[in-house]
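# Structural characterization, general
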Amino acid sequence: APEHTRPLHAARSRVRGAGPELTGRRALARALDTIAALLGAGILGALVAPYARPEDLFVALVLVLVLRHALAPFSIPSPDPWRVTVVATAAYAAIFAFVTITRHINLMTHALDLGQYVQIVWSMATGRGPRMSLPEMHAWGDHLSPILWGLVPLFWIVPGPVTLLVVQSIALALGAPAVYLLARRHLEDNRLAGLFAVLYLLNPSLHGMNVRDFHPAVLAVPLLLWAFVAAVAGRPLLCAGALVLTLATREDAALPVIGFGLWLAVGRRQWLAGAATAAVAFAVLWADTRWVIPAFRGEPYVYHLRRYAAFG
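Within each chain, residue numbers correspond to sequence positions counted from 1 in written order. Confidence filtering applies because this is a predicted model: local features only for residues at pLDDT of at least 70, side-chain atom pairs given and counted only at 80 or more, and all residues used for totals across whole chains, interfaces and linings. Side-chain figures throughout are based on the complete set of non-hydrogen atoms in the structure, without hydrogens or water.

### Some remarks on the overall build of the protein chain
In plain terms, the rule: Strands here mean DSSP runs of E at least two residues long; helices mean DSSP runs of H or I at least four residues long; both are numbered from the N terminus. With the radius of gyration taken over C-alpha atoms, the globule rule is written as 2.2 Å times the number of residues to the power 0.38. Only protein chains enter the calculation, and the probe is 1.4 Å; a residue is then buried if its accessible area is under 20% of its type maximum, exposed if over 50%, and partly exposed in between. Note on contacts: a residue pair qualifies if any of its non-hydrogen atoms lie within 4.5 Å across the two residues. Surface accessibility follows the Shrake-Rupley procedure with a 1.4 Å probe radius. Residue values consider only the protein chains on display as shielding. Charged residues are defined here as Lys and Arg on the positive side and Asp and Glu on the negative side; His and the ends of the chain fall outside this count. Charge positions are represented by NZ for Lys, CZ for Arg, CG for Asp and CD for Glu.
A count of helical and extended segments in the protein chain gives 13 helices and two strands. By the compact-globule yardstick of 20 Å for 312 residues, the protein chain is too spread out, its C-alpha radius of gyration being 25 Å. Taking the principal axes of its C-alpha atoms as reference, the protein chain extends roughly 95 × 50 × 40 Å. Burial statistics for the protein chain: of 312 residues in total, 40% are counted as buried. Nonlocal contacts in the protein chain, meaning residues at least 24 apart in sequence, comprise 67% of its contacts between residues at least 6 apart. If you sum the accessible surface of the protein chain, you get close to 17,800 Å²; carbon and sulfur atoms cover 69% of it. Between the averaged position of the 25 positive side-chain charges in the protein chain and that of its 16 negative side-chain charges there is a distance of 8 Å.

Okay, here's the thing in structure tokens:
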């Protein structure tokens with residue numbers, strides 16, 4: 001070929017050589033799209049016919065989408081990611097407040113545990129202290145959840161189960177902005193940060209916790225996320241406050257706080273702060289299960305530990 005046409009011939013050769021490979025990648029991408037659609041349909045099907053672990057399908061869907069993006073990158077829309085996160089947070093809170101309230105109206109909630117916690121907070125709000133009748137005892141003899149004192153003012157205004165269900169939905173929704181801030185700091189991409197925040201809100205594990213009555217331990221999820229945000233932002237007092245509130249949700253919330261301390265030490269190289277956090281959390285766990293709860297219950301802390309007898 002003439003010298004001036006050689007670049008054109010070379011380009012055509014490259015296109016012809018890449019043809020079969022490009023066709024194969026497109027076919028594989030379409031196959032992955034089909035698999036993702038089927039997994040998404042399976043997750044949505046759990047809303048109609050609930051089954052045990054829809055979160056397994058969610059994990060598989062995320063893995064398929066990651067593979068699909070690596071094979072043929074998606075065109076990520078460009079609305080403001082922070083605005084998307086805020087709107088998604090508000091939508092989640094509203095939707096799940098509606099879902100949990102209507103479940104309660106349709107007699108799909110339970111004496112254990114929604115009725116129990118309504119009774120405990122009502123008893124605290126009326127000056128009787130944390131008491132319950134399922135069984136008849138001081139509530140801290142079952143689980144130590146002093147964070148419930150923070151809900152007392154709400155019961156002065158709107159007492160009842162709806163208050164607890166709405167608070168739980170709002171609290172879990174507020175984990176999404178924390179996920180956004182963490183992802184933005186580590187990925188340095190606002191769009192991916194918004195995507196991670198939305199994925200947090202779409203996680204069936206989050207939905208499962210939300211719709212199963214009310215549990216103060218659930219509040220540890222957003223509190224721990226905001227503790228991570230405060231830690232990476234260099235705000236130790238805010239981090240400590242979030243961790244203290246986490247410890248107040250239930251006695252076994254000390255376990256993830258111990259893990260948080262190990263992350264501070266190993267992941268952030270903040271050896272002193274990490275060791276102190278883990279040590280304090282362990283001391284709280286030890287004191288709660290050895291002294292505080294047994295003092296209110298009148299017997300050793302063995303009732304809940306029996307659930308793990310199969311693990312030794």
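Having seen it, we continue.
### Section: the side chain of Thr163
Mapped onto the secondary structure, Thr163 falls in helix 6 (residues 161-173). For Thr163, a relative accessible area of 11% gives the class buried. Every residue in contact with Thr163, bar those within four places of it in the chain, is listed here: Leu154, Phe155 and Val158.

### What to know about helix 7 (residues 175-187)
The following threshold applies: Helices are assigned an expected span. That span is 1.5 Å times one less than the residue count.
For helix 7, spanning 13 residues, the distance from its first C-alpha to its last is 18 Å, which sits close to the expected 18 Å at 1.5 Å a residue. Every buried residue of helix 7 is listed here: Gly175, Ala176, Pro177, Ala178, Val179, Tyr180, Leu182 and Ala183. Buried residues along helix 7 sit against helix 3 (81-105), helix 6, helix 8 (190-202) and helix 10 (220-232). Following helix 7 by one or two positions, Glu188 has its phi on the positive side, about 55 degrees.

### Focus: the packing of helix 6 against helix 7
To be explicit about the condition: Here an axis means a line fitted to C-alpha atoms, over the contact stretch when the element is a helix, while the angle between two N-to-C directions is reported on a 0 to 180 degree scale. An angle below 35 degrees is treated as roughly parallel, one above 145 as roughly antiparallel, one from 65 to 115 as roughly perpendicular, and anything else as oblique. Polar here means any residue other than Ala, Val, Leu, Ile, Met, Phe, Trp, Tyr, Cys and Pro, which are nonpolar, and Asp, Glu, Lys and Arg, which are charged; Gly is therefore polar.
Orientation of helix 6 relative to helix 7, taken along the N-to-C sense of each, is 5 degrees, at an axis distance of 4 Å. On the basis of their axis angle, the class for helix 6 and helix 7 is roughly parallel. Along its contact with helix 6, which presents Ala171, Leu172 and Ala173, the element helix 7 presents Gly175, Ala176 and Pro177. Here the contact of helix 6 with helix 7 is composed, by residue class, of five nonpolar, one polar and no charged.

### Notes on unusual backbone geometry
A cis amide bond links Leu112 to the next residue, Asp113, at an omega of 25 degrees. In this structure, Asp113 sits in helix 4 (residues 111-125). In this structure, Pro135 follows Leu134 across a cis peptide bond, with omega equal to -5 degrees. Summarising the element assignment, Pro135 is placed in the loop between strand 1 (131-133) and strand 2 (136-138). In this structure, Arg269 is a non-glycine residue whose phi angle is positive, near 60 degrees. Arg269 sits in the exposed class, given a relative accessible area of 55%.

### What to know about empty space enclosed by the protein
In plain terms, the rule: Using only the protein atoms, space was sampled on a 1 Å grid; points where a 1.4 Å probe fits but cannot get out form cavities, open sets with protein on both sides within 12 Å along at least five of seven lines form pockets, and lining residues are those with an atom within 4 Å of a point. Grid points are joined across faces, edges and corners, and a volume is the space filled by probe spheres set on the points.
Counted by the stated rule, this structure contains one cavity of 30 Å³ or more. In this structure, the largest cavity occupies an estimated 40 Å³ of space. Residue lining of the largest cavity: Gln116, Tyr117, Ile120, Met132, Ala139, Trp140, Asp142, His143 and Ser145, and that is the complete set. Of the residues that constitute the lining of the largest cavity, the class distribution is five nonpolar, three polar and one charged.

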